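If you want the building blocks of each chain, they are given just below.
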Amino acid sequence: MQKLGEGLIALHESDIREIGLDEELLEAILDARQIKSHSALRRQKQYIGKIMRHVDPEPIRAAIKRLS
């Protein structure tokens with residue numbers, strides 16, 4: 001799930017918003033895009049992975065594949 005979250009972080013903000021993610025997950029991803037510290041970014045990615053455990057990953061995978 002963390003790897004899937006990393007794929008979301010790499011997308012453009014407009015693409016991320018287009019996917020229609022849960023608000024908590026969307027905020028965590030947008031926050032991660034602002035983080036410059038390597039260790040803080042690593043922790044944020046872990047947090048995103050934790051949030052994504054409660055989300056169906058297939059629609060997200062399909063959206064990333066479509067947008068990439």
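Scroll up for the structure.
Structural notes, computed from the coordinates. (Residues numbered from 1 in each chain as written. Predicted model: local features only at pLDDT ≥ 70, side-chain atom pairs only at ≥ 80, totals over all residues. Heavy atoms only, no water.)

Another point: the overall build of the protein. Within the protein, the secondary structure is distributed over 5 helices and 0 strands. Reading the helices (α) and strands (β) of the protein from amino to carboxyl end gives α-α-α-α-α. Relative to its length of 68 residues, the protein is compact, with a C-alpha radius of gyration of 11 Å against a globular reference of 11 Å. With the C-alpha coordinates of the protein rotated into their principal frame, the extents come out at 30 × 25 × 20 Å. By the burial criterion, 35% of the 68 residues in the protein qualify as buried. On the protein, roughly 4500 Å² of surface is accessible, and the fraction owed to carbon and sulfur atoms is 48%. (Helix = DSSP H or I, 4+ residues; strand = E, 2+ residues; numbered from the N terminus. Rg over C-alpha atoms; globule rule 2.2 N^0.38 Å. Buried < 20%, exposed > 50% of the residue type's maximum accessible area, 1.4 Å probe, protein only. Areas by Shrake-Rupley, 256 points an atom, 1.4 Å probe, with all protein chains shown as cover.)

Bringing the environment of Gly 5 into the picture now. Of note, Gly 5 is situated in helix α1 (residues 2-10). Each C-alpha atom, one on Gly 5 and one on Lys 45, is 6.9 Å from the other, the two residues being 40 residues apart in sequence. Setting aside residues up to four positions removed in sequence, Gly 5 forms contacts with Ile 48 and Met 52. (Contact = heavy atoms within 4.5 Å.)

Below, the discussion takes up the environment of Pro 57. Take Pro 57: it is sitting in helix α5 (residues 57-67). Separated by 52 residues in the primary sequence, Pro 57 and Gly 5 place their C-alpha atoms 9.8 Å from one another. If we ignore the near neighbours within four places in the chain, the residues touching Pro 57 are Met 1 and Leu 4.

Now for a negative patch on the surface. A surface patch of negative charge is lined by Asp 22, Glu 23, Glu 24, Glu 27 and Asp 31. By the element assignment, Glu 24 lies in helix α3 (residues 23-34). (Patch = residues over 30% accessible without salt bridge, like charges linked within 9 Å, V, L, I, M, F, W, Y side chains within 5 Å. Salt bridge = Lys/Arg side-chain N within 4 Å of Asp/Glu carboxyl O. Lys, Arg positive; Asp, Glu negative; His and termini not counted. Charge placed at Lys NZ, Arg CZ, Asp CG, Glu CD.)

The next point concerns the pattern of salt bridges. Evaluated as defined, the whole model comprises 4 salt bridges. Here Lys 3 and Glu 6 are joined by a salt bridge, their closest N and O atoms 3.9 Å apart. In this pair, Lys 3 and Glu 6 both sit in helix α1, 3 residues apart, roughly one turn of the helix. Judged by relative accessible area, Lys 3 falls into the exposed class, the value being 66%. Between Arg 17 and Glu 13 there is a salt bridge, with its nearest N and O atoms 3.0 Å apart. Placement of the pair is Arg 17 and Glu 13 together in helix α2 (residues 13-19), with a separation of 4 residues, close to one helical turn. Judged by its relative accessible area of 36%, Glu 13 is partly exposed.

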